[in-house]
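Survey of secondary and tertiary structure
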Amino acid sequence: MTMPRREWNKPALRRLYRSERQRCFQQQHNLHIQIRHQVERQIHCRHHSGSLQGFVGLYWPLQGEADLRPLRDVFQHKLGLSTALPAADGDGSLQYHPWNDAPLAPDGCGIAAPLDQPALSPEQLALLLVPALAVDQHGMRLGYGGGYYDRLRCQTTWKQRLALVVVPEACVSPEPLPVNDWDQPFDGWITETGCQLRRERSSGC
């Protein structure tokens, strides 16, 4: 009998969903494009409604993550929206910086970031798009274990920023993921099938 996933520990679930995510991108060669289309659709919708006032926080993808980088120019040239990238210090803290044409450099975790740009305040961000290994129906995100986004969103001003997880549909867990006291729920997620807000918020974006 297979153990319910809610009874698995986080390391086991990370291995499971890392493999599942890799399988999805290998089998669906246009999955990156499908996910980007849904993200772009959501941004267009929110921009048209006037609810996007500030920077859109993207991310520099690690291997296996949905690549949203092409959307930077789309947002800038079609919608006049500025984008930002996160920068980790390697010790648990995360900040967002404007992503313009300035050169990028490795942050404390070795990920490309605009380190020579000033740090942005929470009020300057309109939306955060965050990668993950998985997310459940309550918006609980399974990351890599560093806790950077959880520490950031423990702060009230950052928790007030709309934050959506970006994953393939197969990485949306039908069962609750295990959580620690410091884990912070996200507002929803975007997959190749669309955008969904967590159950406590609404049935859809």
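Above this text is the structure in question.
Structure report, in brief.

Calculation notes
- Residues numbered from 1 in each chain as written.
- Predicted model: local features only at pLDDT ≥ 70, side-chain atom pairs only at ≥ 80, totals over all residues.
- Heavy atoms only, no water.
- Pairing = 2+ DSSP bridges.
- Helix = DSSP H or I, 4+ residues; strand = E, 2+ residues; numbered from the N terminus.
- Salt bridge = Lys/Arg side-chain N within 4 Å of Asp/Glu carboxyl O.
- Buried < 20%, exposed > 50% of the residue type's maximum accessible area, 1.4 Å probe, protein only.
- Contact = heavy atoms within 4.5 Å.
- Axes fitted to C-alpha atoms, helices over the stretch in contact; angles between N-to-C directions.
- Parallel < 35°, antiparallel > 145°, perpendicular 65-115°, else oblique.
- Left-handed = near helix turned anticlockwise from the far one by under 90°.
- Nonpolar A, V, L, I, M, F, W, Y, C, P; charged D, E, K, R; others polar.
- Phe/Tyr/Trp six-rings, centres within 6.5 Å; stacked < 30°, edge-to-face > 60°.
- Lys NZ or Arg CZ within 6 Å of the ring centre and 35° of its normal.

**A short note on the sheet that holds strand β8 (residues 141-142)**
Taken in spatial order, the 3 strands of this open sheet run β8-β7-β10, and their pairing is mixed. Single-partner strands in this sheet number two, and they are β8 and β10 (172-173). Judged from the 2 bridges that link them, strand β7 (residues 134-136) and β10 form a sheet pairing that is parallel. Looking across to β10, one finds that V135 is bridged to V172.

**Topic: the pattern of salt bridges**
Counting across every chain of the model gives 6 salt bridges. Note that K10 is salt-bridged to D183, the shortest N-O span being 2.7 Å. Residue K10 is located in helix α1 (residues 10-27), and its partner D183 is located in the loop between β10 and β11 (188-191); the two are separated by 173 residues in the primary sequence. As far as the burial class goes, K10 and D183 line up, both buried.

**Points about the pairing of strand β12 (residues 194-197)**
For β11 and β12, the ladder comprises 4 bridges, and the chain directions are antiparallel. Looking at the pairing, I190 lines up with C195 of β12. What sits between β11 and β12 in their antiparallel hairpin is a turn of 2 residues.

**A look at the environment of M140**
Tracing the sequence through the fold places M140 in the loop between β7 and β8. Judged by its relative accessible area of 13%, M140 is buried. In this structure the C-alpha to C-alpha distance between M140 and D187, which are 47 residues apart in sequence, comes to 9.0 Å. Ignoring any residue separated from it by four or fewer positions in sequence, one finds M140 in contact with A134, V135, L177, V179, D183, Q184 and P185.

**A closer look at the packing of helix α2 (residues 31-49) against helix α3 (residues 71-79)**
For the pair α2 and α3, interaxial distance at closest approach is 11 Å and the crossing angle is 25 degrees. Considering their axes alone, α2 and α3 lie roughly parallel with respect to each other. The interaxial crossing formed by α2 with α3 has right-handed handedness. In this structure, α2 uses R36, V39, E40, I43, H44 and H47 to contact α3, whose residues at the interface are L71, V74, F75, K78 and L79. In the contact of α2 with α3, the residues fall into 6 nonpolar, 2 polar and 3 charged.

**Quick notes on the packing of aromatic side chains**
Enumeration over the complete set of coordinates arrives at 2 aromatic pairs. Considering the side-chain rings of W60 and W99, the 6.0 Å spacing of their centres and the 70 degrees angle between planes classify their relative orientation as edge-to-face. Placement of the pair is W60 in the loop between β1 (55-57) and α3 and W99 in the loop between β3 (94-98) and β4 (105-106), with a sequence separation of 39 residues. Across from the ring centre of F186, 4.6 Å away, lies the NZ or CZ of R153, which sits over that ring.

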